[in-house]
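# A structural walkthrough
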Amino acid sequence: MEKVIEFKKPQKRKVLKEDSFVARLPYPLTIHTIVDIVERMGVEHEGTVLPGLKYIERQIVKKEREE
């Protein structure tokens, strides 16, 4: 009796939604990277989020300089 091997057809790749993106990010993430992403890609409620991130970034830079 012969063994019959059946191969499955390759499945089509899933298509990403138009409102999504793939990005390579450095590890570990820094506040500078996060701010850069928000500035380039945008984010919901940008008028509120971006100033908050910039404030956090300034505080971190200030602490780094003190050390």
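Note that this is a predicted model, so its numbers are computed, not measured. (Residues numbered from 1 in each chain as written. Predicted model: local features only at pLDDT ≥ 70, side-chain atom pairs only at ≥ 80, totals over all residues. Heavy atoms only, no water.)

## Brief notes about the packing of helix α1 (residues 31-41) against helix α2 (residues 46-66)
Where α1 contacts α2, the axes come no closer than 10 Å and their chain directions differ by 155°. In terms of orientation, α1 and α2 fall into the roughly antiparallel class. Pair α1 / α2 crosses with left-handed handedness. Only Glu46, Leu50, Leu53, Lys54, Ile56, Glu57, Ile60 and Val61 of α2 make contact with α1, whose side of the interface consists of Ile31, His32, Ile34, Val35, Val38 and Glu39. (Axes fitted to C-alpha atoms, helices over the stretch in contact; angles between N-to-C directions. Helix = DSSP H or I, 4+ residues; strand = E, 2+ residues; numbered from the N terminus. Parallel < 35°, antiparallel > 145°, perpendicular 65-115°, else oblique. Left-handed = near helix turned anticlockwise from the far one by under 90°. Contact = heavy atoms within 4.5 Å.)

## Some details on the environment of Glu39
Along the chain, Glu39 falls in helix α1. Exposure remark for Glu39: the relative accessible area of 41% places this residue in the partly exposed category. (Buried < 20%, exposed > 50% of the residue type's maximum accessible area, 1.4 Å probe, protein only.)

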